[in-house]
Each structure stands twice: as C-alpha cells, then as structure tokens.
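# Topology and contacts: notes
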Amino acid sequence: MKLVGISGSLVGAKISEAVFHVLSAAKAIDSNIQTDLIDLKEEEVELFHGPSLAYYDQHTWDIVNRITTADFIVFATPIYQASISGALKNLLDFMPQDAFKGKVTGIVTVGGSGKHFLVGEYQLKPILSYLKGIVPTNTVFIHNKSFTEEGDLEDEQAERRLHKLAEEMIALQKGLK
Ligand SMILES: Cc1cc2nc3c(=O)[nH]c(=O)nc-3n(C[C@H](O)[C@H](O)[C@H](O)COP(=O)(O)O)c2cc1C
C-alpha cells in the first residue's frame, strides 16, 4: 500500500514535519507501507486556471499522478485566514471528481489560534468528501507553539495524535481492501 503525504505550505518547516510524523508512524505500524512526501514548497505546481490537466506542464502532471496513484493520502495544511492554504486548494483544484474514491484521506492542520481547530473539519473535509475521500474520525490540529523555531515538533500529545491518525488510516484502508 502506498501512503502519500502532502505538505500544503510554501514556507517554513512545521507542516512538512507534521506530515512526516504521520508517514513515519505508518511505517512503524506496518513496514510494508510505502510512503511518499510531496512538499509543496519544493514543487512547482502551476496555478489551476480552468482547463483539464492536458493544458499544464509535465511536473504538474507528475505531482497529480503521484497523488492519484496513492492508495491513501494524508493532507497537512497551515491555517490561513480561517481556512486551508491557497497552495493546497490549488492542488486540489486539479483533482478529478472521483480522485479519492476508495481512498482514506487524513487531515492535519497547524495554526496559531486554538479557535481554529475545526478548520480541517469545516473547510478541508467537505472538499475531500466531494472528491469521494473517506475521512477518518481523528482529525489532528496542532498549535504552532508545539514546534521549535527550526520547525521540530516538540509535543508528545500531538505526536500521539498523529500516531493515532496513522493507525486509524491504516485500519480503515485495510478494511476497504
Ligand atoms: C497570512 C496568515 C494568516 C493566518 N491565519 C491564521 C488563522 O486564521 N488561524 C490560525 O489559527 N492561524 C493563522 N495563521 C498562523 C499559521 O497558521 C501558523 O503560523 C502556521 O504555523 C503556519 O505554518 P508554517 O509556519 O509552517 O508556514 C496565519 C498565518 C499567516 C501568515
């Protein structure tokens, strides 16, 4: 089974660190799981402007392909203006309508205000559900204070929640198979 993690931030290290924890936890739970991290700050994804994928460059194609060929996917995003990042929304705009059919799609958000802990549920979950993704009951919000200046996660509770998310995603995906 291939698990793809998407880091939806164009700056900083916190989001990729959070998604890396989910991928590492998944590997620790089942070493047969292949993992692939797509960090949007390392990738040049074109700006979606309406037409189908055929009108975009090879690199954008390749990124979309890495996602659509995954068995299951975990999305991590910073919270910007009480919503997900524009970079992640742009990537999701490329997805065909059934992109996540039969796939578990996990959610991790990182924000500076605890008031926005439900952004994943209210802003990202409807998009993943529209694309037919199966969203686990564990959605993880991490306060940005849980990270060091360098972007390392230093919060045992948050680490446990990311591990639980990985566990639930694997159990659900195996159940679907
Ligand atoms: C333009 C902007 C808007 C933001 N809006 C929110 C917000 O509405 N709610 C929130 O909890 N955090 C908000 N934040 C804080 C970010 O979610 C937080 O700094 C997060 O850690 C960013 O991740 P990064 O440092 O890896 O890019 C905002 C940050 C920026 C730069």
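For the structure, check the block above.
Values in this document were obtained by computation on a predicted structure and should not be read as measured data. (Residues numbered from 1 in each chain as written. Predicted model: local features only at pLDDT ≥ 70, side-chain atom pairs only at ≥ 80, totals over all residues. Heavy atoms only, no water.)

### Quick notes on the overall build of the protein
The secondary structure content of the protein amounts to five helices and five strands. Secondary structure elements in the protein, listed N-terminal to C-terminal, are β-α-β-α-β-α-β-α-β-α. Taking 2.2 N^0.38 as the reference for a compact globule, 177 residues should give roughly 16 Å; the C-alpha atoms of the protein span a radius of gyration of 15 Å, in line with that estimate. Dimensions of the protein along its principal axes, counting C-alpha atoms only, are 45 × 35 × 25 Å. (Helix = DSSP H or I, 4+ residues; strand = E, 2+ residues; numbered from the N terminus. Rg over C-alpha atoms; globule rule 2.2 N^0.38 Å.)

### Comments concerning the environment of Phe48
Following the sequence through the fold, Phe48 ends up in the loop between strand 2 (34-39) and helix 2 (58-68). On a C-alpha basis, the gap between Phe48 and His143 in space is 30 Å, while along the polypeptide they are 95 residues apart.

### What about the site of the ligand?
What surrounds the ligand is a group of 15 residues, the closest being Lys14, Ile79, Ala82, Ser113 and His116. In this structure, a nitrogen atom belonging to the ligand sits 3.0 Å away from a main-chain N or O atom of Gln81. Calculation on the ligand without its partners gives an accessible area of 640 Å², and the protein chains cover 70% of this total. Elements supplying a minimum of two residues to the shell around the ligand: helix 1 (14-29) and strand 4 (105-111). (Near = heavy atom within 4 Å. Polar contact = N/O pair within 3.5 Å; in protein donor to acceptor, adjacent residues only side chain to side chain. Areas by Shrake-Rupley, 256 points an atom, 1.4 Å probe, with all protein chains shown as cover.)

### Considering helix 2
Side chains that are three or four residues apart share a direction in an α-helix, a result of its 3.6 residues per turn. All of the buried residues along helix 2 are Thr60, Ile63, Val64 and Ile67. Buried residues of helix 2, seen end-on, are gathered within an arc of 95° and therefore sit on one face of the element. Looking at the buried residues of helix 2, the elements they touch are strand 1 (2-7), strand 2, strand 3 (72-78) and helix 3 (86-93). (Buried < 20%, exposed > 50% of the residue type's maximum accessible area, 1.4 Å probe, protein only. Arc of directions from axis to C-beta. Contact = heavy atoms within 4.5 Å.)

### Points about the environment of Ser7
Within the secondary structure, Ser7 sits in strand 1. For Ser7, a relative accessible area of 1% translates into the label buried. Taking the C-alpha atoms as reference points, Ser7 and Val74, 67 residues apart in sequence, are found 8.8 Å from one another. Setting aside chain neighbours within four positions, we find Ser7 in contact with Ile15, Ser16, Val19, Ile38, Asp39, Leu40 and Ala76.

### Some points on a nonpolar patch on the surface
Together, Leu10, Val11 and Tyr80 give the surface a local cluster of nonpolar side chains, amounting to about 310 Å² of exposed area. With respect to the helices, strands and loops of the structure, Tyr80 is situated in the loop between strand 3 and helix 3. The class of Tyr80 is partly exposed, set by a relative accessible area of 38%. (Patch = residues over 30% accessible without salt bridge, like charges linked within 9 Å, V, L, I, M, F, W, Y side chains within 5 Å. Salt bridge = Lys/Arg side-chain N within 4 Å of Asp/Glu carboxyl O.)

### Regarding the packing of aromatic side chains
The geometry of an aromatic ring pair is captured by the separation of the ring centres together with the interplanar angle, meaning the angle of the planes. Summed over all chains, the structure comprises four aromatic pairs. Consider the rings of Phe48 and Phe94, whose centres lie 5.1 Å apart with planes at 80°: the pair is edge-to-face. Of this pair, Phe48 sits in the loop between strand 2 and helix 2 while Phe94 sits in the loop between helix 3 and strand 4; the two residues are 46 residues apart in sequence, bridging distant segments of the chain. Pairwise contacts between aromatic rings join Phe48, Tyr56 and Phe94 into one cluster. (Phe/Tyr/Trp six-rings, centres within 6.5 Å; stacked < 30°, edge-to-face > 60°.)

### Some remarks on the packing of helix 1 against helix 5 (residues 156-176)
The interhelical angle for the contact between helix 1 and helix 5, taken along N-to-C directions, is 55°, at an axis separation of 8 Å. By the angle class used here, helix 1 and helix 5 are oblique. Judged by the sense of rotation from one axis to the other, the crossing of helix 1 with helix 5 is right-handed. Here helix 1 contributes Ala18, His21, Val22, Ala25, Ala26 and Ile29 to the contact with helix 5, which in turn contributes Glu159, Leu162, His163, Leu165, Ala166, Glu167 and Ile170. Taken together, the residues that form the contact of helix 1 with helix 5 break down as nine nonpolar, two polar and two charged. (Axes fitted to C-alpha atoms, helices over the stretch in contact; angles between N-to-C directions. Parallel < 35°, antiparallel > 145°, perpendicular 65-115°, else oblique. Left-handed = near helix turned anticlockwise from the far one by under 90°. Nonpolar A, V, L, I, M, F, W, Y, C, P; charged D, E, K, R; others polar.)

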